[in-house]
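Okay, here's what each chain looks like letter by letter:
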Amino acid sequence: MSSARRHHYVPQFYLRGFTRNGGKKSKLFAVDVVERRSYWTTPANVCAVRDFSRVEAPGLPPDALETSLSAFEARASRALQTIIKDRSARDSDAWMYVLNLMSLIAVRNPHVRSEMERFQSDILKMISRMTVQSPERWDATVKEMLRDGSIGEPPKVSYEQMKDFVAKGQYTISFPHGYHTQAEFSGQDTVLRTLVDRKWLLLSVDRDQGEFITTDLPVCLMHTSGEPSSRPRPVGHGQLNTTVLFPISSDLLAMGSFEGQSGSAHANRKDVAAFNLALAMHCDSTVFASTDRFNVADRDGDGFTFGADVLTRIVASPRRGRGRKPRP
């Protein structure tokens with residue numbers, strides 16, 4: 001029997017918490033802040049990449065990881081519903097599943113993976129340039145590769161040809177499916193430990209005060225001041241004076257910090273709009289909501305904007321330069 005090739009990096013059961021009625025076919029309102037468009041869709045059609053969890057390893061079927069993650073997601077889904085029903089983290093077992101879910105989403109997504117691949121590609125290209133610095137170094141590298149079995153026979157190109165090829169840089173480096181799996185799960189374990197150490201405040205909102213949004217990067221890590229991570233001021237999960245926002249559903253949001261307080265509280269309309277702005281600015285490309293009239297705070301803090309109006313405000317954000325370029 002063939003296995004599914006379309007793998008969600010943000011689970012469908014999670015996204016259903018931001019649809020109109022929570023059903024499998026219920027609709028999400030999506031705002032693509034890069035393409036500058038909005039549309040209605042279902043959780044099945046978003047936050048998915050072909051073969052994202054596929055593995056290529058001896059003795060394992062290609063869908064081994066996806067199957068294991070599906071079993072975890074079934075338990076995490078039940079735990080999430082417990083937290084939503086209680087509007088608190090009193091059930092420690094359920095809350096631990098939610099923290100595990102958060103750490104997986106934070107680490108296993110296309111943005112983090114592409115950044116990892118870009119870094120590793122730069123390292124490999126640097127090594128290539130060092131390898132062809134001289135004929136002697138090239139010859140020594142070839143002999144070492146023959147000796148350890150990396151190649152079966154000497155290259156059919158000369159040193160001069162290889163040096164010219166590397167100098168032009170007209171090549172790309174690709175990674176096989178499953179290449180990043182070990183690093184991702186190692187990173188997930190590290191992030192999970194920091195999430196456990198944070199103090200979590202669960203903020204609920206009544207429908208007449210608005211609804212929380214979510215995004216394709218729903219684990220929002222930022223400076224406690226509200227400033228997002230940037231090259232001048234990067235932010236890490238284990239760093240003090242940082243806050244993690246995680247919308248659990250359209251009427252419940254978790255806020256975690258090392259210096260804050262644990263418990264439960266209510267959010268008003270102004271709170272919801274402010275949190276929605278922070279979440280939207282953290283997205284990779286897409287914001288999701290159960291309504292096209294969700295509130296987002298003005299960046300000057302003096303008012304609100306609604307739904308698709310968020311496009312012009314988020315596209316202007318300095319974070320927008322990291323992915324696809326917006327259309328003119």
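It should be emphasised that the depicted structure is a prediction, and the values quoted were computed from it without experimental measurement. (Residues numbered from 1 in each chain as written. Predicted model: local features only at pLDDT ≥ 70, side-chain atom pairs only at ≥ 80, totals over all residues. Heavy atoms only, no water.)

A. Looking closely at the overall build of the protein. What the protein contains, in helices and strands, is nine helices and 13 strands. With the principal axes as the frame, the protein shows a C-alpha extent of 75 × 45 × 40 Å. Scored against the burial criterion, the 328 residues of the protein give a buried share of 44%. Considering only contacts within the protein whose residues lie at least 6 apart along the sequence, 70% involve residues at least 24 apart. Element-wise, carbon and sulfur atoms account for 51% of the exposed surface of the protein, whose accessible area totals about 17,400 Å². (Helix = DSSP H or I, 4+ residues; strand = E, 2+ residues; numbered from the N terminus. Buried < 20%, exposed > 50% of the residue type's maximum accessible area, 1.4 Å probe, protein only. Contact = heavy atoms within 4.5 Å. Areas by Shrake-Rupley, 256 points an atom, 1.4 Å probe, with all protein chains shown as cover.)

B. Looking closely at the layout of surface pockets. Its volume calculated, the second largest pocket comes out at about 330 Å³. In this structure, the second largest pocket is lined by 15 residues; those nearest its centre are Leu 124, Ser 128, Thr 131, Trp 138 and Met 162. Where the lining of the second largest pocket is concerned, the elements lending two or more residues are α4 (110-131), α5 (135-148) and α6 (159-168). Its residues assigned to classes, the lining of the second largest pocket comprises twelve nonpolar, three polar and no charged. (1 Å grid on protein atoms, 1.4 Å probe; cavity = no way out; pocket = protein on both sides within 12 Å on 5 of 7 lines; lining within 4 Å. Points joined across faces, edges and corners; volume = space filled by probe spheres on them. Nonpolar A, V, L, I, M, F, W, Y, C, P; charged D, E, K, R; others polar.)

C. Just the pattern of salt bridges, in detail. As enumerated under the stated definition, the model contains nine salt bridges in all. Residue Arg 108 is joined to Glu 184 by a salt bridge in which the shortest nitrogen-to-oxygen separation is 3.3 Å. With Arg 108 in the loop between α3 (92-107) and α4 and Glu 184 in helix α7 (residues 181-197), this residue pair connects regions lying 76 residues apart in the sequence. For Arg 108, a relative accessible area of 5% gives the class buried. Residue classification places Glu 184 among the buried positions, given a relative accessible area of 0%. Across the salt bridge formed by Glu 184 and Arg 113, the nearest N and O atoms sit 2.8 Å from each other. (Salt bridge = Lys/Arg side-chain N within 4 Å of Asp/Glu carboxyl O.)

D. Quick look at the sheet that holds strand β3 (residues 37-41). Pairing within the open sheet is antiparallel, and its four strands lie in the order β3-β2-β11-β6. Every interior strand has two partners, whereas the edge strands, β3 and β6 (214-215), have only one. Both strand β2 (residues 28-32) and β3 contribute to a ladder of five bridges, which runs antiparallel. The residue bridging Leu 28 from the neighbouring strand is Thr 41, located in β3. (Pairing = 2+ DSSP bridges.)

E. Looking closely at the sheet that holds strand β7 (residues 220-223). Strand order in the open sheet formed by five strands is β7-β8-β9-β5-β10, and the pairing between neighbours is mixed. Two strands close off the open sheet at either side, each with one partner strand: β7 and β10 (263-266). Between one strand axis and the next, the sheet turns through 25° on average, direction left out of account. Examined bridge by bridge, strand β5 (residues 199-204) and β10 share four bridges and lie parallel to one another. Each bridged residue has a counterpart across the sheet, and for Leu 201 the counterpart in β10 is Gly 263. (Axes fitted to C-alpha atoms, helices over the stretch in contact; angles between N-to-C directions.)

F. Inspection of the packing of aromatic side chains at higher detail. By the definition in use, this model includes nine aromatic pairs. The lysine or arginine in question, Lys 125, covers the ring of Tyr 171, its NZ or CZ lying 5.5 Å from the ring centre. Between Arg 293 and the ring centre of Phe 306, over which it is positioned, the NZ or CZ distance is 4.2 Å. (Phe/Tyr/Trp six-rings, centres within 6.5 Å; stacked < 30°, edge-to-face > 60°. Lys NZ or Arg CZ within 6 Å of the ring centre and 35° of its normal.)

G. Structural view of α7. Helix length check: α7 (17 residues) gives 25 Å between terminal C-alpha atoms against 24 Å at 1.5 Å per residue, within 8%. For α7, every residue scored as buried is listed here: Thr 181, Glu 184, Gln 188, Val 191, Leu 192, Thr 194 and Leu 195. Looking down the long axis of α7, one finds its buried residues gathered within 165° of arc, a one-sided arrangement. Residues of α7 that are exposed and point over 90 degrees away from its buried face: Gln 182, Arg 193 and Asp 197. (Expected span 1.5 Å × (residues − 1). Arc of directions from axis to C-beta.)

H. Seen up close, α3. For α3, which comprises 16 residues, the first-to-last C-alpha distance of 23 Å matches the rise-based estimate of 22 Å (1.5 Å per residue) to within 8%. Of all 16 residues that make up α3, twelve are buried, and the element is covered over most of its length. Buried residues of α3: Ala 94, Trp 95, Val 98, Leu 99, Asn 100, Leu 101, Met 102, Ser 103, Leu 104, Ile 105, Ala 106 and Val 107, and no others. Between the side-chain oxygen of the N-cap and the backbone nitrogen of Asp 93 there are 3.2 Å, and the N-cap of α3 in question is Asp 91. (Polar contact = N/O pair within 3.5 Å; in protein donor to acceptor, adjacent residues only side chain to side chain.)

I. Looking closely at empty space enclosed by the protein. Across all of its chains, the model carries one cavity of 30 Å³ or more by this definition. In terms of lining residues, the largest cavity is bounded by His 8, Tyr 9, Pro 11, Ser 53, Leu 69, Phe 72, Glu 73, Leu 101, Leu 104, Ile 105 and Arg 108. Looking at the lining of the largest cavity, the elements with two or more residues in it are α2 (64-86) and α3. Within the lining of the largest cavity, the residues separate by chemical class into seven nonpolar, two polar and two charged.

J. Here's a closer look at the nonpolar core. Core analysis: the biggest nonpolar cluster contains 44 residues, and Trp 95, Met 102, Trp 200 and Ile 248 have the highest contact counts within it. For this core, the secondary-structure elements that each account for two or more residues are α1 (12-15), β2, α2, α3, α7, β5, β8 (242-249) and β9 (252-257). Broken down by element, this core gets its largest block of residues, ten residues, from α3. Filtering out sequence-adjacent residues up to four positions away, Met 102 remains in contact with Leu 195, Trp 200, Val 219, Val 244 and Phe 246. (Core = buried A, V, L, I, M, F, W, Y, C linked by side-chain atoms within 4.5 Å.)

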